[in-house]
Amino acid sequence: MCGIVGVTGKDNAVQILLKGLKRLEYRGYDSAGIYVNDQDGHEYLVKEKGRIADLEAEIGSDVHGSTGIGHTRWATHGVPSKANAHPHVSADGRYYLVHNGMIGNFAELKKQYLSDVTFKSDTDTEVIVQLIAKFAQTGMATKAAFKKVLNLIDDSSSYSFLLIDNQEPNTLYVAKNKSPLLIGVGDGFNVVCSDALAMLDQTHDFIELIDGETVIVKPDSILIEDTDGKRIERKPFHVSTDASAADKGAYPYYMLKEIDEQPGVMRTLIKHYISEDGSIKIDDNILQSLHQSDRIYIVAAGTSYHAGLVGKELLEKVAKIPTEVHVASEFGYNPPLLAAKPFFIFLTQSGETADSRQVLAQVNELGYQSLTITNVENSTLSREATYTLLLYAGPEIAVASTKAYTGQIALEAILAKALGELRQVATAADFDVAKELTKVANGEQELVDEKKDIKKIAAALLPTTRNAFYIGRSIDYDIVQEAALKLKEVSYIQTEGFASGELKHGTISLIEKGTPVLAVITDKHTAKHTRSNAQEVMARGANVVFIASRSLAKDGDQIVLPDVHPLLTPLVAIVPCQLMAYYASLQRGYDVDKPRNLAKSVTVE
């Protein structure tokens, strides 16, 4: 959600902050702001509602500094506005603060300590900066005041704080709890950011922070302390990603670029996880832990949850192990009755999903083994799980996930193959996953090369409709749930994915003349049934588009998919659905990469 950047020790702080914020736009936001200080008594605070471009337009040529903080805000407390945008400043003008997260007891703190303070915003963040100033006015040093406030924040809260005291303008005060934040290590300067991607043009070396730690960052030093004030020494990790990997290149939008990158993601996963002789290169400790379990629980949210539905099919059919899939936000507060020897798999593109992290914390308390499958090395869920497998998909910037989804499914297929072989399952021995994923990559390439055909279908089917439906059965039901999410995310068309056999049990009452219905048919056992269901909605006036595997296609089917392994059809079937969503959004004039109200990395519950 919100993005944070900071720098100390570089004269071009304004440009560094703005570039960093632009690289964090994918996280979702509705306002932005920066504060900079030149160390000579000049300071500048600029905030604006809207996009980074709107903020940039407000920054005069006189705004300069060598230390600064910046922020993109996704509204939680208070509407999107200039007043509610960060950084927030204390009433005495001394402290400037940016914050990602939510303060659960901000109202109580405000009532208890700040009844005499006039507030300029509706945010929980302003309560924190005013409290710091309040305690500093009693004679406390900034560090002490900062820590006192941190101790007053309740356990339900989450935060990443970045604070500047204009009486110590080269110093950044940092704290983290349940919300991601990194320190970037430079030569004569240092930076702070929510995501390493924001600062890759400045450094490739970053220090991870653990919940409860506070940090004092100066141009030539980084002091990390735990909750007891004990100094922590921690070596930086190196991020090898090239900053240019996060650029659009010749593409108009990241989403289209990332759709086109999916065949490459398949090939990269084959390279990383499968040897030339076909053996799987996954840590034997992971496989042994899975083998010793009696049930797997996949926990995820959004698109990753839909990838988990396909993962269930793969693990149960290839590895023959019972598997459940759970929505993270539900599991955290209403967990099921667990098996005797459970194993947990967390699917998360960012590795920072707050709902999933809450479940992982419970899993760790219970002493169970876990695996995080993520696209981001050294992310929070990666660090806190027992094991990690990386997607190696490269940065995914568009809010609507595409290549991470297909990457997750492909890696689940590789994992199922390896586990099935360990369990001596015949189905696994017969499943040539390298060959099958190569066929998938070729099939995806065929589909992205035919995107103009999808564009024409979207223009005819979806130009003005308010509603649409995807239908399918069996594994196709897993596909249509993700397809529906893609379309609603970026085009704002109210779209639902239904098991087509359920239409007669209520949903068919929503069908009227002109309603778009997209029927996905890749499962040979249910193909005739789905076609029959499609005929039922056509009889009631629906405009139906058929998306069918080549071996199951009929004359007149609008989208024909390359044939791949029956358990891997989601990897090809989703591609035209992603393109359908992209073009539907584009033809309505929307910002495809940054749909309204959404954030890429959901770091609050």
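Just above sits the structure.
Computed from a predicted structure; not experimentally measured. (Residues numbered from 1 in each chain as written. Predicted model: local features only at pLDDT ≥ 70, side-chain atom pairs only at ≥ 80, totals over all residues. Heavy atoms only, no water.)

Some thoughts on the overall build of the protein chain
- Looking only at helices and strands, the protein chain features 19 helices and 25 strands.
- Taking the principal axes of its C-alpha atoms as reference, the protein chain extends roughly 80 × 55 × 45 Å.
- Counting the 605 residues in the protein chain, one finds 60% classified as buried.
- For the protein chain, the exposed surface amounts to about 23200 Å²; the carbon and sulfur share of it is 48%.
- Charged side chains in the protein chain number 62 positive and 78 negative. The centres of these two groups are separated by 4 Å. (Helix = DSSP H or I, 4+ residues; strand = E, 2+ residues; numbered from the N terminus. Buried < 20%, exposed > 50% of the residue type's maximum accessible area, 1.4 Å probe, protein only. Areas by Shrake-Rupley, 256 points an atom, 1.4 Å probe, with all protein chains shown as cover. Lys, Arg positive; Asp, Glu negative; His and termini not counted. Charge placed at Lys NZ, Arg CZ, Asp CG, Glu CD.)

A short note on the sheet that holds strand β1 (residues 3–8)
- Spatially, 8 strands are ordered β3-β2-β4-β1-β10-β9-β11-β15 in an open sheet, and the strand pairing comes out antiparallel. Of all the strands in the sheet, the pair left with one neighbour each is β3 (43–49) and β15 (237–238).
- Across 6 bridges, β1 lies against strand β4 (residues 67–73) in antiparallel orientation. When the sheet's bridge partners are listed, Ile4 is paired in β4 with His71. (Pairing = 2+ DSSP bridges.)

Quick word on the nonpolar core
- Counting 132 residues, the largest nonpolar core has Ile345, Ile414 and Tyr470 as the members making the most contacts within it.
- For this core, the element with the highest residue contribution is helix α19 (residues 569–587), accounting for 12 residues.
- With sequence-adjacent residues up to four places away left out, Ile345 is seen in contact with Leu290, Ile296, Tyr297, Ile298, Val299, Leu315, Leu371, Ile373 and Leu415.
- If you look at the next biggest cluster of nonpolar residues, it comprises 27 residues, including Phe106, Ile128, Ala136 and Tyr159. (Core = buried A, V, L, I, M, F, W, Y, C linked by side-chain atoms within 4.5 Å. Contact = heavy atoms within 4.5 Å.)

Some points on the pairing of strand β18 (residues 342–348)
- Judged by how many residues are buried, β18 sits mostly within the fold: 7 of 7 residues are covered.
- Judged by which residues are buried, β18 turns out to be covered on both faces: Pro342, Phe344, Phe346 and Thr348 on one side and Phe343, Ile345 and Leu347 on the other are all buried.
- When strand β16 (residues 295–300) meets β18, the two strands line up parallel, connected through 5 bridges. Paired with Tyr297 across the strands is Phe344, a residue of β18.
- Regarding topology, helix α11 (residues 354–366) serves as the crossover connection from β18 to the parallel strand β19 (residues 369–374), and that connection is right-handed. (Right-handed = clockwise from strand over helix to strand, strands pointing away.)

Comments concerning the layout of surface pockets
- Quantified by volume, the largest pocket comes out at close to 760 Å³.
- The wall of the largest pocket is formed by 38 residues, among which Val239, Thr241, Asn375, Val376 and Glu377 lie closest to the centre.
- Those elements that provide at least two residues to the lining of the largest pocket are β15 and α12 (380–384). (1 Å grid on protein atoms, 1.4 Å probe; cavity = no way out; pocket = protein on both sides within 12 Å on 5 of 7 lines; lining within 4 Å. Points joined across faces, edges and corners; volume = space filled by probe spheres on them.)

Quick word on the packing of helix α16 (residues 451–461) against α19
- Relative to each other, α16 and α19 sit at 55°, their axes nearing to 9 Å. The angle between α16 and α19 places the two elements in the oblique class. As for how α16 packs across α19, the hand of that crossing is right-handed. Packed against α16, whose contacting residues are Lys451, Ile454, Lys455, Ile457, Ala458 and Ala459, the element α19 presents Pro576, Leu579, Met580, Tyr583, Ala584 and Gln587 at the interface.
- Grouping the constituent residues of the contact of α16 with α19 by class yields 9 nonpolar, 1 polar and 2 charged. (Axes fitted to C-alpha atoms, helices over the stretch in contact; angles between N-to-C directions. Parallel < 35°, antiparallel > 145°, perpendicular 65-115°, else oblique. Left-handed = near helix turned anticlockwise from the far one by under 90°. Nonpolar A, V, L, I, M, F, W, Y, C, P; charged D, E, K, R; others polar.)

Let's talk about the packing of aromatic side chains
- As enumerated under the stated definition, the model contains 15 aromatic pairs in all.
- For the ring pair Tyr253 and Tyr582, a centre distance of 6.2 Å and an interplane angle of 75° mean the geometry is edge-to-face. A residue pair is termed long-range when its members are at least 10 positions apart, and Tyr253 in the loop between β15 and α6 (254–260) and Tyr582 in helix α19 qualify at 329 residues.
- Owing to a relative accessible area of 21%, Tyr253 belongs among the partly exposed residues under this scheme.
- Judged by relative accessible area, Tyr582 falls into the buried class, the value being 1%.
- When the centroid spacing of 5.0 Å and the interplanar angle of 80° are considered together, the rings of Tyr582 and Tyr583 count as edge-to-face. Tyr583 shares its class with Tyr582; the two are buried.
- One aromatic cluster is present, built from ring pairs that chain together Tyr297, Phe331, Phe344, Phe346 and Tyr368.
- Stacked on the ring of Phe135, the Lys or Arg Lys148 has its end atom at 4.3 Å from the ring centre. (Phe/Tyr/Trp six-rings, centres within 6.5 Å; stacked < 30°, edge-to-face > 60°. Lys NZ or Arg CZ within 6 Å of the ring centre and 35° of its normal.)

Thoughts on the packing of helix α13 (residues 403–422) against helix α15 (residues 433–448)
- Here α13 crosses α15 at 165°, and the two axes come no closer than 10 Å. For the element pair α13 / α15, the angle class is roughly antiparallel. For the crossing formed where α13 meets α15, the hand is right-handed. When α13 is examined against α15, the residues Thr406, Ala410, Ala413, Ile414 and Lys417 are found in contact with a partner set consisting of Val433, Leu437 and Glu444.
- Of the residues in the contact of α13 with α15, the class split is 5 nonpolar, 1 polar and 2 charged.

What about unusual backbone geometry?
- Pro87 follows His86 through a cis peptide bond whose omega is 0°.
- Mapped onto the secondary structure, Pro87 falls in the loop between β4 and β5 (88–89).
- Positioned with a positive phi, Gln424 is a non-glycine residue whose angle comes to about 60°.
- The residue Gln424 is located in the loop between α13 and α14 (426–430) in this model.
- On the accessibility criterion, Gln424 (73% relative accessible area) is exposed.

Structural notes on the sheet that holds strand β17 (residues 323–327)
- Sheet architecture is open: 5 strands sit in the order β17-β16-β18-β19-β20, paired in parallel fashion. Edge positions in the sheet fall to β17 and β20 (387–390), since each of these pairs with one other strand and no more. Between one strand axis and the next, the sheet turns through 20° on average, direction left out of account.
- In this sheet, β17 lies alongside β16 in parallel orientation, the contact comprising 5 bridges. Note that in β17 the partner of Tyr297 across the bridge is Glu324.
- Contacting β16, β18 and β19, α11 runs over the sheet at an angle of about 155° to β18.

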